[in-house]
Structure formats: C-alpha cells, structure tokens
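Structural overview for review
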Amino acid sequence: MIKDEIRQLCREKNAIIMAHYYTRPEIQDVADFIGDSLALAQKATTVDADIIVMCGVHFMGETMKILCPDKKVLIPDMEAGCSLADSCKAEDLAKFKAEHPEHMVVSYVNTSAAVKALTDVVVTSSNARKIVEQLPPDAKIIFGPDKNLGNYINSVTGREMLLWDGACHVHSRFSLEALIDLKKKNPDAPVLAHPECKAVILTQADKIGSTKALLDFAISSPQKRFIVVTESGILHEMQKACPDKEFIPVPPEATETVGCHCNECEYMRLNTMEKLLACLQTEQPEIIINPELATQALKPIRRMLEMS
Ligand code: 13P
Ligand code: SF4
C-alpha cells in the first residue's frame with residue numbers, strides 16, 4: 001500500500017511529514033503532524049529529522065526552511081502556490097513601504113520569503129490579534145496582504161492599520177445567501193468562520209478563528225451541529241475528532257457547479273499520495289532559499305514566535 005511505502009521511506013530517511021488541515025484526508029492521515037500555520041511553524045523549531053516534507057503550500061515550505069536551514073525541506077508539488085501570497089509582490093510592498101516611511105509592516109504568514117524579509121513581525125490567523133495588541137498604541141502599521149483578516153483585526157483592536165488589498169480566492173467566495181439559508185435550516189448550529197472570509201460573512205459567525213481554533217471550538221462545544229465557513233479540508237479532522245457531531249460546509253457563490261459544496265483550495269489539493277511518495281523517493285522538489293534572504297525573513301518569524 002502506498003501509505004506503507006511512504007511510512008517506510010520516512011523511517012529509512014529519518015523524514016517527517018507535516019500537513020496543513022486543508023490537505024486531502026489521506027495526506028492528513030499519513031502525516032506525523034497536522035496543524036494550522038502557527039502550530040506548523042512552532043513544530044518546525046522542535047523537529048528532530050533530517051528531512052521535512054511539508055504538505056501544504058509553497059510559503060509553508062519556505063517558512064519551514066527559514067526555521068530549519070540545516071534540514072532538507074521538500075514539498076510534493078512546487079506549483080502549490082497561494083492566491084493570497086501572490087497578491088503581494090515584494091517589489092510592490094517595498095514601494096508601498098517607501099511611500100509610508102513611518103509605518104511598520106505586519107505581514108500574514110501567507111507571504112513569500114521576500115515579503116517576510118521586508119516585514120517587522122509576521123502573524124498567523126491564530127495570533128494576529130494578540131500580536132497587534134502588543135504593538136505600541138500609537139504605532140503606524142501596514143498590514144498585508146489579507147484585507148479581510150486586517151479588517152477583522154482592526155475591528156477587534158480598534159487600530160487603523162493600513163490594509164494591503166489582497167485576499168484568498170477560496171475564502172472570498174463563500175455565499176452569504178447560502179450561509180443565511182443554512183442558518184435558517186439549522187438554527188441550533190453555531191457558525192465557525194475563518195477570518196480570511198469577507199466581513200459580511202464574519203458578521204454571521206459565532207466563532208472566528210484559525211483552522212485549529214475552529215477545530216478546538218467544535219471539540220469543546222456541547223452543540224452537535226456546526227456550519228463551517230472555511231476550506232472544506234478541515235472537515236476531515238473535525239469529523240475524526242468529533243464522530244458524533246455534524247459539520248455542514250457552506251458552498252461558494254453560484255459558480256461552475258450548482259449545489260457544489262466544494263470550497264477547496266486547488267493548491268492544497270495538489271498534494272497527492274503519489275507525489276508525496278515520489279518526493280520521498282527522489283528528495284525533490286526541494287525548497288532552496290538564498291541564505292541572506294532567509295536570515296532577513298527569519299527575524300520577523302522569530303519575533304512572531306516570541307510574541308505568540
Ligand atoms: P490557518 O490554518 O493558520 O488558520 O491558515 C489558513 C490558511 O489559509 C492557510 O493557507
Ligand atoms: Fe492560500 Fe487561500 Fe489556499 Fe490558504 S486557502 S493556501 S490562503 S489560496
């Protein structure tokens with residue numbers, strides 16, 4: 001079985017598989033560790049392995065490599081990008097910074113190493129509020145690239161951060177109409193939403209948080225049914241952790257497939273068992289980062305870990 005081959009190679013090569021909650025169920029099941037962006041970064045600092053295979057998207061592999069420069073970091077598919085990270089190019093951010101010389105830069109972890117190198121402190125969806133609240137009250141802040149997360153953090157902290165105009169294509173397309181309809185049909189079900197969703201969706205939510213925070217809420221809640229507004233990969237771990245509970249995914253706005261419940265990130269889905277096996281066999285594709293750039297990018301990631 002392919003799962004056994006993968007595990008065997010991990011033993012032979014002293015490799016560890018890390019996976020994000022949005023990956024395919026079979027990838028999550030074969031992984032040594034599953035987590036949200038913060039947990040994955042925190043785990044990277046303690047991992048004892050020669051090879052890390054990061055099943056997620058490219059920026060996650062880069063974060064691993066920056067945190068573990070002496071380890072070989074592999075990702076199953078180099079094409080696994082992120083529309084949010086792509087919405088902020090380093091050269092554009094550098095220009096924006098030059099136009100706002102008094103501002104510090106807070107960047108979401110969904111950014112390239114080059115953007116992180118221009119950043120003062122990195123945040124994830126699980127620590128953004130906590131970190132922004134620790135910054136001096138009069139600090140002028142550029143927050144990027146997710147305007148939805150930035151807008152949410154502004155609303156809960158009372159800050160007026162300058163927001164980059166970026167967004168995740170998956171989280172931007174949830175249907176408000178479908179969500180309201182699902183709420184009417186399931187009045188007992190709390191709404192769990194990721195802060196990358198639009199403000200109009202977040203106003204309907206009972207719990208807003210990172211993938212891990214939403215999972216923990218579902219585990220500890222006495223409720224039996226939940227409406228979930230984030231990438232549907234998280235449903236696998238929710239269902240595994242709570243077999244007696246029901247999770248109802250919210251569909252995207254009417255698009256290609258009528259009635260489709262597939263709010264899937266196509267980049268995350270590029271991680272397949274076949275590619276994972278090939279990646280362990282060939283030790284390719286490997287994340288390589290210019291060491292100088294990696295040193296610059298490490299500073300705001302370290303700062304995040306200290307402030308978390
Ligand atoms: P978290 O798992 O940190 O909530 O991040 C979600 C995400 O969009 C990953 O790309
Ligand atoms: Fe990027 Fe959105 Fe996919 Fe997360 S779900 S990896 S933010 S494109």
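Everything below is about the structure printed above this text.
Residues numbered from 1 in each chain as written. Chains lettered and ligands numbered in written order. Predicted model: local features only at pLDDT ≥ 70, side-chain atom pairs only at ≥ 80, totals over all residues. Heavy atoms only, no water.

**Focus on the site of ligand 1**
Residues in close proximity to ligand 1 include His20, Tyr22, Asp36, Ser37, Met60, Tyr108, Asn110, Ser125, His194, Glu196, Ser210 and Thr211, which together make up its full environment. A distance of 2.8 Å separates an oxygen atom of ligand 1 from a polar atom in the side chain of Ser37. Protein contacts shield 96% of the accessible area of ligand 1, which totals 300 Å² for the unbound molecule. Residues that form the shell around ligand 1 fall into these classes: three nonpolar, seven polar and two charged. (Near = heavy atom within 4 Å. Polar contact = N/O pair within 3.5 Å; in protein donor to acceptor, adjacent residues only side chain to side chain. Areas by Shrake-Rupley, 256 points an atom, 1.4 Å probe, with all protein chains shown as cover. Nonpolar A, V, L, I, M, F, W, Y, C, P; charged D, E, K, R; others polar.)

**A look at the environment of Lys97**
Residue placement: Lys97 occurs in helix H6 (residues 90-99). As for Lys97 and Leu118, which are separated by 21 residues in sequence, their C-alpha atoms are 8.7 Å apart. Residues in contact with Lys97, not counting those within four places in the same chain, are Val105, Leu118 and Ile142. (Helix = DSSP H or I, 4+ residues; strand = E, 2+ residues; numbered from the N terminus. Contact = heavy atoms within 4.5 Å.)

**A look at the pattern of salt bridges**
Considering all chains together, one arrives at 15 salt bridges under this definition. Its salt-bridge partner being Lys224, residue Asp244 comes within 2.8 Å of it at the nearest N-O pair. Placement of Asp244 in the loop between helix H13 (234-241) and strand S12 (246-249) and of Lys224 in the loop between helix H12 (211-220) and strand S11 (225-229) is noted, with a sequence separation of 20 residues between them. Using a relative accessible area of 51% as the deciding quantity, one classes Asp244 as exposed. One salt bridge connects Glu246 with Arg225, and the closest N-O pair in it is separated by 2.8 Å. In this pair, Glu246 is assigned in strand S12 and Arg225 in strand S11, connecting sequence segments 21 residues apart. If you follow the salt bridges from partner to partner, you end up with Lys13, Lys72 and Glu283 in one network. (Salt bridge = Lys/Arg side-chain N within 4 Å of Asp/Glu carboxyl O. Buried < 20%, exposed > 50% of the residue type's maximum accessible area, 1.4 Å probe, protein only.)

**Some remarks on the pairing of S11**
Looking along a regular strand, one sees side chains alternate from face to face of the sheet. Extensive coverage of S11 is indicated by the burial of four of its five residues. Summarising the sheet, strand S9 (residues 191-193) and S11 pair through three bridges and their orientation is parallel. Note that in S11 the partner of Leu192 across the bridge is Val228. Pairing of S11 with S12, which is carried by four bridges, proceeds in the parallel orientation. Residue Phe226 lies in a different strand from S12, and its bridge partner there is Phe247. The parallel pair S11 and S12, bridged by H13, forms a crossover whose chirality is right-handed. (Pairing = 2+ DSSP bridges. Right-handed = clockwise from strand over helix to strand, strands pointing away.)

**A short note on the sheet that holds strand S1 (residues 15-20)**
The pairing of strands in a sheet happens through backbone hydrogen bonds and is either parallel or antiparallel. The parallel open sheet is built from four strands, whose spatial order is S2-S1-S3-S4. Of all the strands in the sheet, just strand S2 (33-35) and strand S4 (72-74) have a single pairing partner and so form its edges. Each strand axis lies, on average, 20 degrees off the axis of its neighbour in the sheet, ignoring direction. As judged from the five bridges shared by S1 and strand S3 (residues 51-55), these two strands associate in the parallel manner. Its bridge partner being in S3, Ala19 is matched across the sheet by Cys55. Contacting S1, S3 and S4, helix H4 (residues 58-67) runs over the sheet at an angle of about 155 degrees to S3. (Axes fitted to C-alpha atoms, helices over the stretch in contact; angles between N-to-C directions.)

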